[in-house]
Amino acid sequence: MLPINDVVMLSRVQFGMTALYHFLFVPLTIGLSNLLGIMETVYFITNRPIWKTMTQYWGLLFGINVAMGVATGVTMEFQFGTNWAYYSQYVGDIFGAPLAIEGLMAFFLEATFVGLFFFGWDKLSRGGHLLVTWLLAIGASFSALWILIANGWMQHPVGARFNFHTMRMELQDFYSVVFNEVAQAKFVHTISAGYVVGSMFVIAISAYFLLKGSQTAFAKRSMAVAAAFGLASSLCVVVLGDESGYLANTNQRMKIAAIEGIWKTDPSPAPLTLFGFPDQKLHTTNYAIRVPYALGLIATRSLTRPVYGIEDLVSHTKDRIRSGILAYNALLTLQRNANDSDALQIFDANQHDIGYGFLLQKYVPDVRHATAQQIEQAAWDTVPDVPILFWSFRVMAGCGFYFIAFFAFTFYLCQKRRLTEYRWFLWIALLSLPLPWLAAELGWVVAEYGRQPWVVEGLLPTFLGVSSVSAEMVWMSLSGFILFYTALAVVELYLMVKYIRLGPTVLSSHAAKPGDHFHD
Amino acid sequence: MIELATLRMIWWILIGILLMGFAVMDGFDFGIAALLPLVAQNEMERRIVLNTIGPIWEGNQVWIILGAGAVFAAFPIVYAVAFSGAYFAVLLLLLTMGIMRPVSFKYRSKLPNLFWRRFWDSVIFIGGFVPAILFGVLVGNILVGLPFSFDQNLRLTYSGHFIDLLNPFALWCGLTSLMMFVMHGGLFLAIKTDDLIRERAIRWSRLAAIGVVLFFIGGGIWTHLCVTGYQVIGNIDPNGFSNPLNKTATQTVGAWLNNYKLYPFLKYVPILGIIGALGACFTANFYNSRFAFLCSSASLVGIIGTVGVSMFPFILPSSLNPSMSLLIWDASSSKLTLFTMLCATIIFLPIILLYTAWVYHVLRGKVGQAAVLANKQAY
């Protein structure tokens, strides 16, 4: 039984929504945990109490955030099974391993030490507690590593092969899955983005304290740490973002073409479209402002290699679909007789395109009977939503360059000890708070929405990956998620704002201290 | 490299160990949350109870996250069938254990408002009570079999509803697991607290231990007399391809007890479950309840082990088409994946045990009013 359209759409909405929601908390966890480590290291070296206060106060906000990160993270793992059952069984042989290793190597570390971070101040030596904080931070970053190895494989599935006996992809080479260049570039890009989120969080809230004229010593020191960390991280994000783009041009050409709004292949080196309005129906980008040669240099790092346009890529896709039909036909023969040597030969020659054959199942369950028109339709299905990718990418990249300038200027002001002289800049710092989240969410959109219609690039179309559940069931779970996640967002925001307004004094004052001397 | 059949066997045991680890390590968190309204009668007592598990429950929960991840990696098709088949049960588990529990611990202490705190108390209770029952309900349904089948491409069809999961046998198993966790949680609380809370915890734990023995034996008799077990007909190649369509299996009432006739030494596994619970009940007051806690852990290991060895080699039987049931031998990952995962486990599991032990060592000792008031970061 093939999945129903509604179920596919609803499952995608549910996954996308819960992933974007999870991704509000994760970058802050990654970024803040490292900043906590840096602050506590300074405390360890200098033994000055203000650095302990800094670690504890930012740690308090970290704690409010990390609970949500955990609560929304388990959802992601479980959802592969509940809503993407065919995906899980089709690629679980490869995809499951990095997820399990994430638990073994990273999440266990992070979750075990997060409790001790809060409860260990009086039970551990200063060095002991510092170790705990760093183990927590390392756990958070390693966690991102294995999740992005899993995700990198969905973008660029290396080291695996289809096995017709078991009807799934099977692991051939674990080393190439782990050291997948796409995964490694994504890992550094994504954790640097997390560091940027953490740095901006600390700077913006410190700017708020300075604007209020309270906690000046605390705020200045916090800003100095975050500005230096943020500057390094924002440079890292942009450089590795460029690396991701370069790699995508070898592995996910369609994604690049959509991001850049290139419909027809330009003569090399291709021009870079700064702005414009891509039109998905007419296959043009209107009012485009182009910089000659720039894209060719960025995406191919050469003067001669082309950046393919969508129309050329689609016609190439048609060839792969035809090859996929051959593979599918051979597969049906092999399912009846596994020793048919002719079928085996055809299958081996075309099996890398079997996923393209599956694309047709949206139109014709038995893809052997596909018409030329259906092949054309399926080929055009491989084009993602160009305007969304085009704009998401531009806003994200724009934010990236803004962050470099912002952190550089903050860093300069901190060095010159002139932070309090520029109130307008403190306002800008405060108002910039949502920007790294915006950039991170749009980064997710570019990477994952840009991967459509594939759940695993070139191997498995998204619509085939879903579970055999009814649309009503997904409606109910989706409504449940929206209801509970909204309620939790309200509580989380309320607590965050409350503790930000109270400021670091909350750690010493008895009046507002959580839970002190409270009896029935 | 190791033979595929051996790797499959190792992974079946390893997943069993992870589930047992989960029951022993996180089980007491569920039990204590479920006991909260019974053992604590004022705000200070509730804070003491919550602070016994406050710093550690998060690490403990990773056992089930890792367990689920290990099933995904080692038996992907089992993961796919169980999670999408028991859709609403899994989502309810996710909601209570995965979403409500983490925030309830963290957010309860953040405001001194009484209404706020009582609200989160009830969320904490739900986050312990509901999963404690759900785990048993899921195990009960796995024993009975889930109504699933596959087509030629191994695409799954599932023809059950959430309400079917709440059958009498599964509910019986659910009550058993609730009492297992309450017994276990009560004893952990007895180790970590003093005076009134400790006395109440021991009383409830003992009661639960007796319940565990009765319900476990009752469940065994039920399985023998009324529950349809499954059997593979003919030989199956333990090294064969992971495709569940290449064998024949049947249902017979009481077949889940066949393994004990074939391998009589297996009877010590359920006996461990019973003796452990009895031991926990009788020794609850001795040596600060430490020995009783060990007995209780042994009981959990024995009871979970009983489910595993009774069903061997089945992991997930299909009540719709028994021949499509998932076995250890035809539902696993490939040899390379199993081997790679085994290497990772051999390296990291001992490290995890070491640092977990260190954290428990740092946090050793009783939690009382003084400790809760002294620590500004306490819940």
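Rules of the game
Residues numbered from 1 in each chain as written. Chains lettered and ligands numbered in written order. Predicted model: local features only at pLDDT ≥ 70, side-chain atom pairs only at ≥ 80, totals over all residues. Helix = DSSP H or I, 4+ residues; strand = E, 2+ residues; numbered from the N terminus. Rg over C-alpha atoms; globule rule 2.2 N^0.38 Å. Buried ≥ 20, exposed ≤ 12 C-beta atoms within 10 Å, placed from the backbone. Contact = placed C-beta atoms within 7 Å. Core = buried A, V, L, I, M, F, W, Y, C linked by C-beta atoms within 7 Å. Nonpolar A, V, L, I, M, F, W, Y, C, P; charged D, E, K, R; others polar. pLDDT = per-residue confidence, 0-100. Expected span 1.5 Å × (residues − 1). Arc of directions from axis to C-beta. Bend = angle between axes of the 7 residues up to and from the residue. Axes fitted to C-alpha atoms, helices over the stretch in contact; angles between N-to-C directions. Parallel < 35°, antiparallel > 145°, perpendicular 65-115°, else oblique. Pairing = 2+ DSSP bridges.

Student: How should the overall build of chain A be read in this particular structure?
Tutor: For chain A, the count of helices and strands is 17 helices and 6 strands. In terms of overall size, chain A behaves like a compact globule, its C-alpha atoms giving a radius of gyration of 25 Å where 520 residues would be expected to give roughly 24 Å. Overall, chain A is about 80 × 55 × 40 Å in size when its C-alpha atoms are taken along their principal axes. In chain A, which comprises 520 residues, the proportion classed as buried is 53%. Within chain A, contacts between residues separated by at least 24 positions form 77% of all contacts whose residues are at least 6 apart in sequence.

Student: Would you mind showing me how to read the overall build of chain B here?
Tutor: Across its full length, chain B carries 14 helices and 6 strands. Taking 2.2 N^0.38 as the reference for a compact globule, 379 residues should give roughly 21 Å; the C-alpha atoms of chain B span a radius of gyration of 21 Å, in line with that estimate. Based on the C-alpha atoms only, the size of chain B along its principal axes is roughly 65 × 40 × 40 Å. Sorting the 379 residues of chain B into buried and exposed places 58% on the buried side. Restricting the contact set of chain B to residue pairs at least 6 apart, pairs at least 24 apart contribute 80%.

Student: Before we go on, may I ask you to explain the nonpolar core in this structure?
Tutor: The nonpolar side chains of a soluble globular protein tend to be buried with one another. Of all hydrophobic cores here, the largest spans 307 residues; its most connected members are A100(A), L460(A), V78(B), V81(B), M183(B) and V212(B). For this core, the element with the most residues is helix α3 (residues 85-119) of chain A, which contributes 24 residues. Residues within four places of M183(B) in sequence aside, it is in contact with S205(B), A208(B), A209(B), V212(B), A277(B), A280(B) and S296(B).

Student: Please clarify how the environment of W222(B) should be interpreted in this entry.
Tutor: Within the secondary structure, W222(B) is located in helix α9 (residues 195-225). With near-sequence residues (within four places) excluded, W222(B) lies in contact with F169(B), W172(B) and V227(B).

Student: For this particular structure, what's the right way to read the interface of chain B and chain A?
Tutor: By a frequent convention, interface size equals the accessible area lost on bringing the separate parts together. Listed by partner, the interface residues are 71 residues for chain B and 67 residues for chain A. Elements supplying a minimum of two residues to the side of chain B that touches chain A: α2 (43-53), α3 (57-74), α4 (76-85), α5 (87-108), β2 (156-158), α13 (335-362) and α14 (369-374) of chain B. Here the element with the most residues in the side of chain B that touches chain A is α13(B); it accounts for 12 residues. Taken together, the residues of the side of chain B that touches chain A break down into 42 nonpolar, 21 polar and 8 charged.

Student: Please clarify how the confidence of the model for chain A should be interpreted in this entry.
Tutor: Do not read the fine detail of predicted coordinates wherever pLDDT is low. For chain A, per-residue confidence averages 88 on the pLDDT scale, and 97% of positions sit at 70 or higher. Residue range residues 510-520 of chain A is modelled with pLDDT below 50. Its contacts to residues more than four positions away, or to other chains, number 19 contacts.

Student: I keep staring at the environment of L303(A) and nothing clicks. Help me out?
Tutor: Residue and element names in this part refer to chain A. Topologically, L303 is positioned in the loop between α9 (294-300) and α10 (310-336). You can call L303 exposed: it has 10 C-beta atoms within 10 Å. Linking L303 and A372, residues 69 residues apart in sequence, is a C-alpha distance of 37 Å. Excluding residues within four positions of it along the chain, L303 makes contact with S268, P269 and G296.

Student: Before we go on, may I ask you to explain helix α11 (residues 268-282) of chain B in this structure?
Tutor: It helps to recall that an α-helix has 3.6 residues per turn; residues three or four apart then point in one direction. Residue and element names in this part refer to chain B. Look at α11: 20 Å from first C-alpha to last across 15 residues, which is about the 21 Å you get at 1.5 Å a residue. Listed as buried for α11 are V269, P270, G273, G276, A277, A280 and C281. Looking straight down α11, one finds that the buried residues subtend no more than 135 degrees of arc, so they occupy a single side. Exposed residues on α11 whose side chains face more than 90 degrees from its buried face are Y268 and I271.

Student: It is not clear to me how helix α1 (residues 4-39) of chain B should be interpreted in this structure. Could you clarify?
Tutor: Spanning 36 residues, α1(B) covers 50 Å between terminal C-alpha atoms, matching the ideal 52 Å at 1.5 Å per step. At D26(B), α1(B) shows its maximal bend, which comes to roughly 45 degrees.

Student: So what exactly am I meant to see when it comes to the packing of helix α2 (residues 49-83) of chain A against α4(B) here?
Tutor: Angle between the axes and distance between the axes: these two values describe a pair of packed helices. Their axes nearest at 6 Å, the elements α2(A) and α4(B) cross at an angle of 90 degrees. In this view, α2(A) runs roughly perpendicular relative to α4(B), as classed from their interaxial angle. Only Y79(B), A80(B), A82(B), F83(B) and S84(B) of α4(B) make contact with α2(A), whose side of the interface consists of F78(A), G81(A) and T82(A). Residue composition of the contact of α2(A) with α4(B), grouped by class: 5 nonpolar, 3 polar and no charged.

Student: What should I look at first to understand the environment of I99(B) in this one?
Tutor: Structurally, the position occupied by I99(B) is in helix α5. Overall, the presence of 24 C-beta atoms within 10 Å leaves I99(B) in the buried class. Taking C-alpha positions, I99(B) is 8.5 Å from G127(B), a pair spaced 28 residues apart along the chain. If sequence neighbours within four positions are ignored, I99(B) has contacts with A71(A), F484(A) and L94(B).

Student: For this particular structure, what's the right way to read unusual backbone geometry?
Tutor: At the junction of Q452(A) and P453(A), the peptide bond is cis and its omega measures out at 10 degrees in the coordinates. Position of P453(A) among the secondary structure elements: in the loop between α16 (435-448) and β5 (454-456). Each neighbour pair has its own omega, and for F312(B) with P313(B) the value is 0 degrees, a cis peptide bond. Despite not being glycine, R417(A) shows a phi value in the positive range, around 55 degrees. Within the fold, R417(A) resides in the loop between α14 (386-416) and α15 (423-431). Judged by the 10 C-beta atoms lying within 10 Å of it, R417(A) is exposed. Phi angles above zero are rare outside glycine, and D195(B) is one such case at about 55 degrees. Position of D195(B) among the secondary structure elements: in helix α9. Here D195(B) falls in the exposed class, since 10 other C-beta atoms lie within 10 Å of it.

Student: Can you help me understand the confidence of the model for chain B in this one?
Tutor: With 100% of its residues at a pLDDT of at least 70, chain B reaches an overall mean of 92. Taken together, the chains of this predicted complex give a pTM of 0.92 and an interface ipTM of 0.92.

Student: Is there a simple way to explain the pairing of strand β3 (residues 272-279) of chain A in this structure?
Tutor: Regular strands have side chains that alternate between both faces of the sheet. Residue and element names in this part refer to chain A. When β3 meets strand β4 (residues 284-291), the two strands line up antiparallel, connected through 6 bridges. Note on β4: the bridge partner recorded for T273 is R290. Taking the residues that link successive antiparallel strands as the turn, the β3-β4 hairpin has 4 residues, and the phi of H283 there is positive, at about 60 degrees.

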